[in-house]
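Tertiary structure, described
The primary structure of each chain is shown beneath.
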Number of protein chains: 2
Amino acid sequence: MSIRIKRLTLLIAVGLGMSSPGWASEDLKDVLKRRGLSQQDLLAAAKTYVPTGKRDEYLAFSSGGHAGQVIVYGIPSMRILKYIGVFTPEPWQGYGYDEESRKILRDGQPPNAKEPILWGDSHHPAISETEGKYDGQFLFINDKANPRIAVIDLRDFETKQIVANPLFKSEHGGAFVTPNTEYVMEATQYAAPLEPNKYVPLERFNDEYRGGMTYWKFDRKKGRIDPKASFSMELPPYSQDLVDAGKGPSNGWSFVNSFCSERYVGGIERGRPPFEAGCSARDTDYLHVMNWKKAEQIVAAGKAKTINGHKIIPMDVAVKEGILFLIPEPKSPHGVDVTPDGTKIIVAGKLDTHVSVYSFDKIQAAIKAGKFEGKDPYGIPIIAMKDALDKQVQLGLGPLHTQFDSKKCVAYTSLYVDSQVARWDFCSGKVLDKISVHYNIGHLMTMEGDSNSPKGKYLVALNKLAIDRFNPVGPLHPQNHQLIDISNDKMHLIYDMPLPLGEPHYAVAIDADSLKPGIRYKLGTDSRSDSPHPGAVKAGGEKTVKKGNKVEVFGTLIRSHIVPEIIDNVEVGDEVTIHLTNLERAQDETHGFTVGGYNVHASVEPGKTVSVKFKADRPGVYPYYCTEFCSALHLEMQGYLLVKPKGYKDSGVAGKAGTTYTKVDFDKQYKTNIETQAVIDSVVAYITSVNYKDFPDVVAMVEDAFDQAGKIDGVKAKMDVAVKAGDWNNATLWAGQWWQYQVKTADLGLRAKTYLEQNGAKKVKK
Amino acid sequence: MSIRIKRLTLLIAVGLGMSSPGWASEDLKDVLKRRGLSQQDLLAAAKTYVPTGKRDEYLAFSSGGHAGQVIVYGIPSMRILKYIGVFTPEPWQGYGYDEESRKILRDGQPPNAKEPILWGDSHHPAISETEGKYDGQFLFINDKANPRIAVIDLRDFETKQIVANPLFKSEHGGAFVTPNTEYVMEATQYAAPLEPNKYVPLERFNDEYRGGMTYWKFDRKKGRIDPKASFSMELPPYSQDLVDAGKGPSNGWSFVNSFCSERYVGGIERGRPPFEAGCSARDTDYLHVMNWKKAEQIVAAGKAKTINGHKIIPMDVAVKEGILFLIPEPKSPHGVDVTPDGTKIIVAGKLDTHVSVYSFDKIQAAIKAGKFEGKDPYGIPIIAMKDALDKQVQLGLGPLHTQFDSKKCVAYTSLYVDSQVARWDFCSGKVLDKISVHYNIGHLMTMEGDSNSPKGKYLVALNKLAIDRFNPVGPLHPQNHQLIDISNDKMHLIYDMPLPLGEPHYAVAIDADSLKPGIRYKLGTDSRSDSPHPGAVKAGGEKTVKKGNKVEVFGTLIRSHIVPEIIDNVEVGDEVTIHLTNLERAQDETHGFTVGGYNVHASVEPGKTVSVKFKADRPGVYPYYCTEFCSALHLEMQGYLLVKPKGYKDSGVAGKAGTTYTKVDFDKQYKTNIETQAVIDSVVAYITSVNYKDFPDVVAMVEDAFDQAGKIDGVKAKMDVAVKAGDWNNATLWAGQWWQYQVKTADLGLRAKTYLEQNGAKKVKK
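Summary of the structure given here. Because the structure is predicted, anything quoted here is derived from the model rather than measured. (Residues numbered from 1 in each chain as written. Chains lettered and ligands numbered in written order. Predicted model: local features only at pLDDT ≥ 70, side-chain atom pairs only at ≥ 80, totals over all residues. Heavy atoms only, no water.)

1. Regarding the overall build of chain A
Each helix and strand counted, chain A has 14 helices and 45 strands in total. Here the C-alpha coordinates of chain A stretch approximately 100 × 75 × 50 Å along the principal axes. Out of the 766 residues belonging to chain A, those deemed buried represent 70%. At a minimum sequence separation of 6, the contacts of chain A that also span at least 24 residues come to 63%. Mean positive and mean negative side-chain charge positions of chain A (95 and 93 charges, respectively) differ by 3 Å. (Helix = DSSP H or I, 4+ residues; strand = E, 2+ residues; numbered from the N terminus. Buried < 20%, exposed > 50% of the residue type's maximum accessible area, 1.4 Å probe, protein only. Contact = heavy atoms within 4.5 Å. Lys, Arg positive; Asp, Glu negative; His and termini not counted. Charge placed at Lys NZ, Arg CZ, Asp CG, Glu CD.)

Right under this line is the structure:
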């Protein structure tokens, strides 16, 4: 018996060398003292710590800000679980480096952009809703810099679509959904002419610059936005800001606030006061109140006009049809948030100390009565503030955004200048509690806190500045998301989480149980289009096809080899497409793929098919390999692309031989394999001696182990052919491959055994 | 007094509405019960929790794998503090989206690559060393896919240089440094012809494919690699793998192991056994033992040849000069690690159950005695394993990498197949402890664990698979870094950290106190070249210059306006360059910048100057803005780029007027300002009444507050001019700008006040 096999047997005999649980030579008191932790710190640690293998209660989807991604983290542990590539290419996911995702980025380019836009300034994520509740199916997010909306499917956490706004040059008020995700809303920020590539001097800002709101129609069955069924509404050149949809009684309406209704144009370099002065001069701006259900009918009735192939309801039509109203709101507001019951709309003016609570009933009464205090310069009726206001509540300096608790009437508002969160009652108008945050909070988030059924429990403060909170990492600081326990009478700050990439603006959190992501694809799936991939093949169906100067490879990936391992029919100038199907079924058995020297990378999860494409623009030898450490033999999961010079003729010089093997080598390998099988059998005996079927993860591992073991017969048959032919070289190599499958089987078996031992598996009677 | 001012006064009176500390309505026992935590979980939580404002003990720099970044996280909290863009563009940092960083990516392109490579497969970070100790000055990291080394400066955590390997097509054994960072080492992985773009059929693999090792000369003063002073050594076409430098007695030597010394070429698609079988057939591979100090002299003596402009020592020269030797090592090894005292070299064979401990003394004795067991096919002398071996220790299945403890002779080795970490004694050969990890560990890291003075305390297991450890996030799983407390007799698993992007291979951790990052740049610095930026201007020096079809803007950024706010002298086809200097001095006061419609983004930290450049390729109106939320008026930090059509003539139609202001408006604003000043004075009175000078962060805030207040006189003067001229419109706007500076001053004052109150400031006697 070889040394390695002896060891394996030994390990099994002593229960895998597991540590006994008697490690605690330092007790809790020692640790608290050594680390300078208070009892309050310990309580916070106990509220946030998630032990190995346990789950977080909520999953947060945070905008990645100007990193252009979405960040997924768990609550209360505040551990980042995934970055999702959205507007910015991300090679780990192959996003922007394989053909399927490149198409998404290509289709999502702004109108007429010549150089591709390969980043985004993502601001506001929104989870799809059914009857006003988060349904956990889709996530939407916007790009402020180049107005766009992306669609992410929460079955696989992949970006499936980006739609570029056909009219806007800037936006901020996206993505926000209506209560059944009929529409994804996107409102402008900085006004500009609506026509693409139209130049209008700033002197005609008031006349020809416009804001707007786009209602993107979401086709839930297809899981994609339908641009043809979408439409917009023209708005004045105020800087529209944030958006919310009505719900319950206010369902069918949407609310958009604004700043710079002064329509001020700066120019400090030419002696004019800057934008910041002119855009904050007046004491009020306007809340836009818009009826989207009626707008939909107006578009259907053919009353919209068309710009750049997109339907838009002009302001005069909107006014005439009674679907657009304004209400004064103090001062340079940032957040507009509809209460869970849909009866009130809360606006926070960042240069005012109040939140203003508007009553939907009062707004409707004023509209019904035709009671307006006047019209704005674009003819839009203005409802008097006093006719719409339920109450104003004084909270502090720089109120921005509001979220809601599971407790009736309880709201939370961020105070930017005060660096605080205020808890208050929007029914009584009472301030209930305040807590300081660090520093300068922008948005805040409670659990499902903008749905019609918030879950309470936790609040996250999305702070804009971290300053002194963390170990210094240079002039560019992380942001700081602070977790606050809101389940008790007083709010309790329990965790500081550095955000290491981008500046998240808004985040949404959903009960983790509402998400049902998959772990594998149906074999041969193009994940970006959710359809069978034309380049997919099954094991044994691999092929390389050359037509003219196009080489197309239909390959597969499995622990631990790529089929094909050599691509040598390529000449300089050929276009090479490599389709790869991951044949694995096992959870987490992703393979990656790249070809050195070319700007391609694919992440190929179990069942997926991905294509990479490039022009072989220079001769040479280019190794390719699996980029995801997939088994002990991962580094050997390699191949060579050879690109011949044009008209290459082989010199005919023979190469020197490498290593060859004899019958002695074969016998040795064969003996090893037989011994290894005995070990595997003993692992199997252990596993089947306990209640392993009660552990779904173990059942999956055992299935995978049988998959691996099942490959042995095939290579054994090849070995037998070689043995019969006296070809000891190939016989030894195929015997080696048999052993590789044994190692993979043993790997899984041992992993399963450890799991069972650590999770209290029990002996079963046979 | 206006409402907002009243509120401010009130807040100060009641101590900012701070919560009292009596929140603990749920006690520790309740929390443990509710969350199902054991006493052991609580102990782990206490060992890892870092309260708000406190610091981590160590900073880890982890490779970002195929995300192409470096990930920085704190230990023991395992919170990610920063992603550093290295091989992949990252817009938050402006990396790849501004001109300075684009140059770094451009200069780091592989030889003759036509389409730019915009990602990397980063594997092994290395911290610069002085006398074998981490000095915290620089970080190096490699790209396996397109052989390159990047240099990151730890003063600002920015990538400063990427050098592409002139010879290799694939690498793995980088970056590893010599004990005084004389060289950064980079070894090949998959062999290929060394000449760029040379095609050689695989039949001549043994004859014309080669491996190699590059010694990149590091110029510490410049903080850059000097490619001209760098050289390589030719190696056989074995798959060289990992690298380590000798230290102490073995200083001057380097060690490289290998797999596939069988020189097997697969081809499963043509009936041959795959690479994984042929590359693991033999029981041993080769450890390469190389004298880099002597190699340096050989190159200086002109004995190297030149390929692609780069000096390389051919194998026959290396053999003749006695600087290259081989030692058999079992089997398909992955890690080679020199002990802290430099006397031993530990190799782990991933398909063997042992670690093999080689003695540097024995190796030298064999070399001195000329005692070799033969030569490899390339004439390299082979030292017999028994002549070099100190001992072999049986650890378990799939041993990979070894790191060291602060305790003498104590080592830790990762066991991939067993999914365990073994603690053992490399002096006595005893196994001391084992712990299970989840799952399939690759590298592992102890604190400063590959320096000559490891710090012990913590170990991180860099696991390749997470499988069931975290909330599911689709088929593509995060990795799992598990933190293990190694300060006691038994190892204790204390934290599971999901790695949300890429697959880290190796990581290095340094005592946080050894890092001294800056928080601002000298005004006008180009951070990528560490030199004054030619586009920098000070406040008041802003200008726009047009020469032919080139428009060059020299602008500035400050809370909260961009100078200039309008760029309107651009015609279609012009090349636009915008240089921006951040005038801020305050910590964390970063501004971002982008122009909608163009693929540019800059992150401009305090003092930095950055340029973005693009071709104005289509007419229209393109808003630009600050992308980093920098003050309450951040959204108003905006401007317009107007691109005129060729030969545009204005229609001369006048625009309608927007909002204008009267003396009444002015008087109101003026009154507000006077009241606000009283409030600021009272905040100042509070701050100066306590020992604020004992708090450096507060001192910085106070300085920043005075900076903001100091701007008031300038705008007041402009207001006075307008008042004198009876220009109430501009008088009101400048009065508004005065108020904006007051708001910024108050923001800082309140932040400082909160800090002082939360951190126990004491009243001082005047």
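There's more to say after this.
2. Considering the relation of the copies chain B and chain A
Note on the identical chains: chain B maps onto chain A by a rotation of 180 degrees and an axial translation of 0.0 Å, with an RMSD of 0.0 Å. Taken together, the rotation and translation describe the operation of a two-fold axis. When C-alpha distances to the rotation axis are compared across chain B, the minimum falls at alanine 45 of chain B, with a value of 2.8 Å. (Least-squares fit on C-alpha atoms with pLDDT ≥ 70 in both.)

3. Here we look at empty space enclosed by the protein
All names here are of chain A. Reported here for the largest cavity is a volume of approximately 230 Å³. Around the largest cavity sit 25 residues that line it, and Phe176, Val243, Asp244, Asp450 and Tyr506 are the ones nearest its centre. Put simply, the parts of the chain that give the lining of the largest cavity at least two residues each are strand E4 (126–130), strand E8 (176–177), strand E13 (239–245), strand E19 (333–338), strand E25 (399–404) and strand E29 (441–447). Take the lining of the largest cavity: its biggest share by element is four residues, from E13. A breakdown of the residues in the lining of the largest cavity according to their chemical character gives 15 nonpolar, five polar and five charged. (1 Å grid on protein atoms, 1.4 Å probe; cavity = no way out; pocket = protein on both sides within 12 Å on 5 of 7 lines; lining within 4 Å. Points joined across faces, edges and corners; volume = space filled by probe spheres on them. Nonpolar A, V, L, I, M, F, W, Y, C, P; charged D, E, K, R; others polar.)

4. Points about the interface of chain B and chain A
Each partner contributes to the interface: chain B provides 258 residues, whereas chain A provides 261 residues. The contact between chain B and chain A buries some 22,300 Å² in all, and 58% of this surface belongs to carbon and sulfur atoms. The interface formed by chain B and chain A contains 10 salt bridges. For lysine 668 of chain A, the salt bridge is made with aspartate 283 of chain B, and the minimal N-O distance between the two is 2.2 Å. Taken together, the connections running from chain B to chain A amount to 102 residue pairs in polar contact (both at pLDDT 80 or more). Looking at the side of chain B that touches chain A element by element, the count peaks at 15 residues for helix H14 (residues 728–758) of chain B. (Buried area = accessible area lost by both parts, 1.4 Å probe. Salt bridge = Lys/Arg side-chain N within 4 Å of Asp/Glu carboxyl O. Polar contact = N/O pair within 3.5 Å; in protein donor to acceptor, adjacent residues only side chain to side chain.)

Honestly, that's just the spatial picture; any functional story needs more than this.
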